Amino acid sequence: MTYRELLDNARSSMGPHCRACPVCNGKACGNQVPGPGAKGAGDVAIRNYDAWQKLRINMNTIAENRTPDTGFEFFGLKMKYPIFAGPVGAVNLHYGDKLDDIAYNDILVSAAAEAGIAAFTGDGTNPEVMKAATKAIQNASGVGIPTVKPWDINTMEEKFALTKASGSFAVAMDVDAAGLPFLQGLTPPAGSKSVLELKDVISKAGKPFIVKGIMTVKGALDAKNAGASAIVVSNHGGRVLDQTPSTAEVLEEISDAVRGEMMVLVDGGIRSGVDVFKALALGADAVLIARPYVTAVYGGGREGVKLYTEKIGRELADTMKMCGVSSLDEISRANLFKPVSKYIRF
């Protein structure tokens, strides 16, 4: 299977909302919800993608001729690439009824592990989603990261019982999901967390804890003070708040604020191995890619996940080679053409 064939297959099996575009840049879906579109004006997903494209890198091939090492270690898990499949929920609503969340996670988690990376799994109001996701992680020998919504503490304790049984090496919470409509008005309530509430959540998780949805230095420091082991710089693909900056615009400042104290991941519009390289140059330890993995699963199943992972991985290795870098820890701001603030402008 080629990537073009994967996209063709996806278009024939996905619903009317996602068009399996050659590049998932948010421009075709706009603010279409349900579907992978962004909230409000629908420009945040587009801004995420465009910001990475405005970054430029320095080519330098006067360097030792070594095969780039793309290996990455995350809380004891050795990965082939610094790439995670991001959490996605309600796939049957947003992408088509060929799959539901249970079937989707069952394919994604095991296929990602076989490809040498790990997948974050989603969560939903249906408790069977988390049960199936954690079972898929358990079947993959714990290679996966269950992601819980910011429920009330009692609901999260029930979820944590499942995550502990899964044997996962870490657990995450997408705290920015507080902006999702289906979390509004629930009883008991779900939503944003204070530092003290988050500290309580993390203490009950019993695993390295990742807070997803950080877009400010204050948010990163609050997560650190609450005991988080890692953060994901993320605006939830633009789906929870209109008119936010892109993740690329805030990554540098956030990574500088917590460097050496916690792991920093980033998502939002990262669509190539070159983009991965840029994210690492700005201070991220690794990236999450979500929507294209949905296309990979719908268009090629397990084979599609492997094909897409290898595509991004090869692009990263090629970029490293052409920039004179042989390992991930050698990637730095020096590999960028200019300071980020000078050329990410809208």
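Chemist: For this particular structure, what's the right way to read the overall build of the chain?
Modeler: If you tally the helices and strands in the chain, you get eleven helices and ten strands. The C-alpha atoms of the chain give 19 Å as radius of gyration, which agrees with the globular expectation for 346 residues (20 Å, within 12%). Projected onto the principal axes, the alpha-carbon positions of the chain cover approximately 60 × 45 × 40 Å. The contacts in the chain between residues at least 6 apart in sequence include a share of 72% that link residues at least 24 apart. Carbon and sulfur atoms form 51% of the exposed surface of the chain, whose accessible area is close to 14,000 Å². Looking at charge distribution, the chain has the averaged site of its 38 positive side-chain charges lying 3 Å from that of its 37 negative ones.

Chemist: Got a minute to help me understand the packing of aromatic side chains in this structure?
Modeler: How two aromatic rings sit relative to each other is set out by the distance from centre to centre and by the angle between their planes. Per the stated rule, a full pass over the model turns up nine aromatic pairs. Here the aromatic rings of Phe74 and Phe169 are separated by 6.2 Å at their centres, their planes lie at 90°, and the arrangement is edge-to-face. A residue pair is termed long-range when its members are at least 10 positions apart, and Phe74 in strand 1 (residues 72-74) and Phe169 in the loop between helix 6 (153-166) and strand 6 (171-174) qualify at 95 residues. Accessibility classification places Phe74 together with Phe169 in one group, the buried group. Through successive ring pairs, a cluster of aromatic residues spans Phe72, Phe74, Phe75, Phe84, Phe120 and Phe169. Note that Lys311 overlies the ring of Tyr3, its terminal NZ or CZ placed 5.0 Å from the centroid.

Chemist: Would you explain the sheet that holds strand 5 (residues 145-148) in this entry?
Modeler: What holds strands together in a sheet is hydrogen bonding between their backbones, with the strands either parallel or antiparallel. Spatial ordering of the closed barrel is given by 3-4-5-6-7-8-9-10, a layout of eight strands whose pairing is parallel. Going from strand to strand, the sheet's axes swing by 30° on average, the running direction of each strand aside. Pairing of strand 7 (residues 209-214) with strand 8 (residues 230-233) involves four bridges; the strand directions are parallel. Paired with Val211 across the two strands is Ile231, which belongs to strand 8. Against the sheet, helix 7 (residues 195-205) engages strand 6 and strand 7, with an angle of about 145° to strand 7.

Chemist: Looking at this structure, how should I read helix 7?
Modeler: Because an α-helix completes one turn every 3.6 residues, residues spaced three or four positions apart along the sequence face the same direction. Taken together, the buried positions of helix 7 are Leu198, Val201, Ile202 and Ala205. All buried residues of helix 7 fall inside an arc of 95° around its axis, so they share one side. In this structure, helix 7 carries Leu196 and Ser203 as exposed residues pointing more than 90 degrees from its buried face. Of the surrounding secondary structure, the elements contacted by the buried residues of helix 7 are helix 6, strand 6, strand 7 and helix 8 (217-226). Remark: Gly206 follows helix 7 within two positions and exhibits a positive phi of approximately 75°.

Chemist: Help me understand the pairing of strand 10 (residues 286-289) in this model?
Modeler: Along a regular strand, successive side chains alternate from one face of the sheet to the other. What you see with strand 10 is no split at all: Ala286 and Leu288 on one side and Val287 and Ile289 on the other are buried throughout. Here three bridges tie strand 3 (residues 83-85) to strand 10, and the two strands are oriented parallel to one another. Looking at the pairing, Ile83 lines up with Val287 of strand 10. The pairing of strand 9 (residues 263-266) with strand 10 spans two bridges and is classified as parallel.

Chemist: I'm lost on the side chain of Asn105 in this one. Help?
Modeler: Within the fold, Asn105 resides in helix 4 (residues 101-114). With sequence-adjacent residues up to four places away left out, Asn105 is seen in contact with Thr121, Gly122, Ala133 and Ala136.

Chemist: I keep staring at the pattern of salt bridges and nothing clicks. Help me out?
Modeler: Side-chain pairing between opposite charges can occur once the charged atoms of the two side chains come close. Following the criterion strictly, the structure yields 17 salt bridges and no others. With a closest N to O distance of 3.9 Å, Asp275 and Lys278 form a salt bridge. Residue Asp275 and its partner Lys278 are located together in helix 10 (residues 273-281), separated by three residues, close to a single helical turn. Of the two residues, Asp275 and Lys278, both sit in the buried class.

Chemist: What is the right way to read the state of the cysteines from this model?
Modeler: Every disulfide links exactly two cysteines, by a covalent bond between their sulfur atoms. Applying the stated criterion to the full structure yields zero disulfides. With no disulfide of its own, Cys29 has Cys24 as its nearest cysteine by sulfur position, at a separation of 6.3 Å.

Chemist: Quick question: what am I supposed to make of the environment of Lys164 here?
Modeler: Looking at the secondary structure, you find Lys164 in helix 6. Distance in space between the C-alpha atoms of Lys164 and Cys29 is 37 Å, their sequence separation being 135 residues. The contacts of Lys164, once residues within four sequence positions are left out, are Lys204, Ala205, Gly206 and Lys207.

Chemist: Help me understand the environment of Gly238, please; the structure alone is not making it clear to me.
Modeler: Among the structural elements, Gly238 can be located in the loop between strand 8 and helix 9 (247-258). On the accessibility criterion, Gly238 (0% relative accessible area) is buried. It is 25 Å that separates the C-alpha atoms of Gly238 and Ala112, two residues lying 126 residues apart in sequence. Every residue in contact with Gly238, bar those within four places of it in the chain, is listed here: Ala38, Lys39, Val44, Ala45 and Asn48.

The rules we used
- Residues numbered from 1 in each chain as written.
- Predicted model: local features only at pLDDT ≥ 70, side-chain atom pairs only at ≥ 80, totals over all residues.
- Heavy atoms only, no water.
- Helix = DSSP H or I, 4+ residues; strand = E, 2+ residues; numbered from the N terminus.
- Rg over C-alpha atoms; globule rule 2.2 N^0.38 Å.
- Contact = heavy atoms within 4.5 Å.
- Areas by Shrake-Rupley, 256 points an atom, 1.4 Å probe, with all protein chains shown as cover.
- Lys, Arg positive; Asp, Glu negative; His and termini not counted.
- Charge placed at Lys NZ, Arg CZ, Asp CG, Glu CD.
- Phe/Tyr/Trp six-rings, centres within 6.5 Å; stacked < 30°, edge-to-face > 60°.
- Buried < 20%, exposed > 50% of the residue type's maximum accessible area, 1.4 Å probe, protein only.
- Lys NZ or Arg CZ within 6 Å of the ring centre and 35° of its normal.
- Pairing = 2+ DSSP bridges.
- Axes fitted to C-alpha atoms, helices over the stretch in contact; angles between N-to-C directions.
- Arc of directions from axis to C-beta.
- Salt bridge = Lys/Arg side-chain N within 4 Å of Asp/Glu carboxyl O.
- Disulfide = S-S within 2.5 Å.

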